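These are the residues of each chain, in order.
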Amino acid sequence: MELILGTAQLVQPYGVLSHSAPADSASEILETAREFGFTCLDTAPKYGHAEVAIGSIEHGLKIHTKIRAGVDPSLSLTRSLDALGVPQVEVLYLHEEFRDSPQQREDLTKLSQESSEKFRSLGASIYSLQELDLAVQNPHITAIQIPLNVLDQKFSRDVVDAARKAGKSIYARSVFLQGLTVAPIEKIPESLETLVPYLLEFRNLAERFDLSPLEASIGFVKASESIDGMVIGANRVGDLREIGRAFSKDIPVGFLDACESLTTPPQEHTDPRLWV
């Protein structure tokens, strides 16, 4: 399984718990990421000037990026490659709800026919099981990015296994649910306090397996053998070191089964798009 650095917070605040600018420079972040086992970067045109920052640094990491919604896909890809300073990206995702609409099918077909030398895989970054079904059926899509964490387990092992058997690579994001699974409970925003009982149940489970919340959050995804890579963001060198160490830690026997037995909140409570 690949460890992929999410860059939404590389040059700007990101997430429900983030209210300040990045603490360490982009070059320090990328250098530390490579040192501690990250092999790839996940970025997008909408992440501020993250692509430009990445392109200004010699990092030697593979890159996943996304098509800016509302922009011609070929133009968006060309702009991203120019900013990133590379001739090709590993994965190019649609960065919008995947409906398999006539326009999306046309865009994917055009990219496959005219720009295939500029990416290794086309992908969909999705939120729902319905989107997953549509993405699995689309022949142009070979990579799918899903939200997956201990509080949001709708993409179960069986569901992910079926997508893999259909020939798709699966990448997990939102491993910490924007930091909620690893933050001190007292830092949870009042607007999300309905999640606190679920977080406490998870942390009690982690403690039983002698794992920190960070180790347990990463271990839950790492234990899912059909996941090809997990996307984790950080803007502090110290955090990256902790993530790298946690990723390399062995997963206790029975941990994944125990996590899957946890009570999970209603799905609308774990969708950041719906948070106020």
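An account of the accompanying structure is given in this report.

Overview of the overall build of the protein chain
Secondary structure assignment for the protein chain yields ten helices and eight strands. Compactness check: the protein chain gives a C-alpha radius of gyration of 18 Å against a globular reference of 19 Å for 276 residues, within 12% of the reference. In the protein chain, buried positions account for 50% of the 276 residues. Looking at the protein chain alone, contacts between residues at least 24 apart form 73% of all its contacts between residues at least 6 apart. Total accessible area computed for the protein chain in this model is approximately 12600 Å², and 47% of it derives from carbon and sulfur atoms. Considering the protein chain, the positive charge centre built from 26 side chains and the negative charge centre built from 39 side chains are found 2 Å apart.

A short note on the sheet that holds strand S6 (residues 141–147)
Overall, parallel pairing links the eight strands, which are arranged S1-S2-S3-S4-S5-S6-S7-S8 in a closed barrel. Here the strands of the sheet are splayed against their neighbours by 30 degrees on average, with no regard to which way each runs. Where strand S7 (residues 169–173) and strand S8 (residues 229–233) come together, two bridges link them in parallel fashion. By the bridge assignment for S8, Tyr171 is matched with Gly229.

Regarding the pattern of salt bridges
One pass over the structure, following the stated rule, counts eleven salt bridges. Residue Asp42 is joined to Lys66 by a salt bridge in which the shortest nitrogen-to-oxygen separation is 2.7 Å. One end of the pair, Asp42, is in strand S2 (residues 38–42); the other, Lys66, is in strand S3 (residues 62–67), and 24 residues separate them in sequence. In this structure, Asp152 and Lys154 form a salt bridge, with 2.9 Å as the shortest nitrogen-oxygen distance. Since its relative accessible area comes to 4%, Asp152 is described here as buried. Through salt bridges that share partners, Arg157, Asp257 and Glu260 make up one connected network.

Observations concerning the packing of helix H1 (residues 26–35) against helix H9 (residues 237–247)
For any two helices packed against each other, one specifies the inter-axial angle together with the distance between the axes. The geometry of H1 relative to H9 is characterised by a closest axis approach of 9 Å and an angle of 15 degrees between their N-to-C directions. If you check the angle between H1 and H9, you find them roughly parallel. Note that H1 runs across H9; the crossing there is right-handed. Here H1 contributes Glu28, Ile29, Thr32 and Ala33 to the contact with H9, which in turn contributes Val237, Leu240 and Arg241.

How each quantity is defined
- Residues numbered from 1 in each chain as written.
- Predicted model: local features only at pLDDT ≥ 70, side-chain atom pairs only at ≥ 80, totals over all residues.
- Heavy atoms only, no water.
- Helix = DSSP H or I, 4+ residues; strand = E, 2+ residues; numbered from the N terminus.
- Rg over C-alpha atoms; globule rule 2.2 N^0.38 Å.
- Buried < 20%, exposed > 50% of the residue type's maximum accessible area, 1.4 Å probe, protein only.
- Contact = heavy atoms within 4.5 Å.
- Areas by Shrake-Rupley, 256 points an atom, 1.4 Å probe, with all protein chains shown as cover.
- Lys, Arg positive; Asp, Glu negative; His and termini not counted.
- Charge placed at Lys NZ, Arg CZ, Asp CG, Glu CD.
- Pairing = 2+ DSSP bridges.
- Axes fitted to C-alpha atoms, helices over the stretch in contact; angles between N-to-C directions.
- Salt bridge = Lys/Arg side-chain N within 4 Å of Asp/Glu carboxyl O.
- Parallel < 35°, antiparallel > 145°, perpendicular 65-115°, else oblique.
- Left-handed = near helix turned anticlockwise from the far one by under 90°.

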